[in-house]
Amino acid sequence: MSCTDFNDERALEGMKLKPERYLALCGGVGGAKLALGLSHVLDPSQLTVVVNTGDDFEHLGLLICPDIDTVCYTLAGLVDPQQGWGRADESWNALTEVKRLDGETWFRLGDKDLGLHLLRRALLDQGMSLSAVTAHISRQLGIAPEILPMSDQAVRTEVETDQGKLAFQHYFVRERCEPRVRSICFAGSQAAEPAEGFVRILQDPALKAVIICPSNPFLSVDPILSLPGIREALSDTDVPVIAVSPVVGGQAVKGPTAKIMQELGLPVTVEAVADHYAGMLTGLVVDRCDSDSVQVLEGRLAVHCCDTIMKNTPDKVALARQLLEFISSLEDTP
Ligand code: FO1
């Protein structure tokens, strides 16, 4: 006999009212591109993007949050399309003045970008959390999906190199990723807590999948995973955890991922990306040119091959669609 009891009815009603939600873990440029694709194919209420803040630093009295800003500018359609970070149609009057006054100009903040930074500083100084400030800024920029910093407390990525320990942006921008990396650590992560909204979505019964964007696993995703409880939550969750490989055909799509993997003694392969996320991943999306990896990884996790290079908006939307179809197909797998 089949019967529907009151609780089941309520559950069904709840599912109708609460659409399936997706959590994207995201770093800078590569992650922001996929987040944009996802924002085109999902209802805004379905998408939460949790962003790395290990790259953040204090500079010229301001709090710089490069990955949050890259995600916000990308989703708002304001990002500089060549760089993938900062604002399009930017001017540099303030920075020119800083240079004239013999200030530090190795980290390039444009005039429009500085406007955002001044407001962020002011709101933080009024006592708002970074989550609240980010929500305010993204709302004002017309962004509908939820954008969250990984934590409201400071976590700072530090890179141990052959030239000593470097703060992240000193390694990445000032030294142009040239020093050889020996190890990477996330200062403050053990004392920090994941942002409230991050914990909430991980516990939300409407959560359908966690997506690890094609961001640098070592510099952009690991800071998020280093927060207390996050690795465990992703290992224990009942929903699929799917990564999109930032390694394509033995090379990094962008940035120093391949160089860092070599310096850490790792092969630059999608298998090494899968190994890096071992214990957490249900599936991996790899580029068509890495189709050989399907056989190698078979039995360990589900692998989906498609075009993963995102040069324009249709590419980003197409990858997001492929990803969501892959996630749905996992439900049908016994
Ligand atoms: N990257 C650079 O290579 N040089 C810069 O001068 C620079 C300035 C900058 C300013 C604001 C911002 O939001 C990002 C900026 N980035 C710059 C990018 C940033 O350093 C990196 O892309 C991320 O931290 C890595 O994801």
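Preceding this paragraph is the structure being described.
Here is what the cut-offs are and how they apply
Residues numbered from 1 in each chain as written. Predicted model: local features only at pLDDT ≥ 70, side-chain atom pairs only at ≥ 80, totals over all residues. Heavy atoms only, no water. Pairing = 2+ DSSP bridges. Helix = DSSP H or I, 4+ residues; strand = E, 2+ residues; numbered from the N terminus. Axes fitted to C-alpha atoms, helices over the stretch in contact; angles between N-to-C directions. Phe/Tyr/Trp six-rings, centres within 6.5 Å; stacked < 30°, edge-to-face > 60°. Buried < 20%, exposed > 50% of the residue type's maximum accessible area, 1.4 Å probe, protein only. Lys NZ or Arg CZ within 6 Å of the ring centre and 35° of its normal.

1. Some remarks on the sheet that holds strand β8 (residues 181-187)
Strand order across the open sheet formed by three strands is β7-β6-β8, with antiparallel pairing between neighbours. The open sheet has two edge strands with one neighbour each: β7 (164-167) and β8. Neighbour-to-neighbour, the strand axes of the sheet open up by a mean angle of 25°, direction not taken into account. Inspection of the sheet shows strand β6 (residues 156-161) paired to β7 by four bridges, in the antiparallel sense.

2. Details of the packing of aromatic side chains
Aromatic ring pairs are reported here in terms of the distance separating the ring centres and the angle at which the planes meet. Applying the stated criterion to the full structure yields four aromatic pairs. Look at Phe57 and Trp106: their rings are 6.0 Å apart centre to centre, the planes differ by 35°, and that puts the pair in the tilted class. With Phe57 in strand β3 (residues 57-59) and Trp106 in the loop between α4 (93-100) and α5 (111-125), this residue pair connects regions lying 49 residues apart in the sequence. Ring centres 5.1 Å apart and planes at 25° place the aromatic pair Phe168 and Phe172 in the stacked group. Within this pair, Phe168 and its partner Phe172 are both found in helix α7 (residues 168-174), separated by four residues, close to a single helical turn. By relative accessible area, Phe168 is classed as buried at 4%. Joined through ring pairs, the aromatic side chains of Phe57, Trp106 and Phe107 make up one cluster. If you follow Arg87 out to its NZ or CZ, it ends over the ring of Tyr73, 5.5 Å from the centre.

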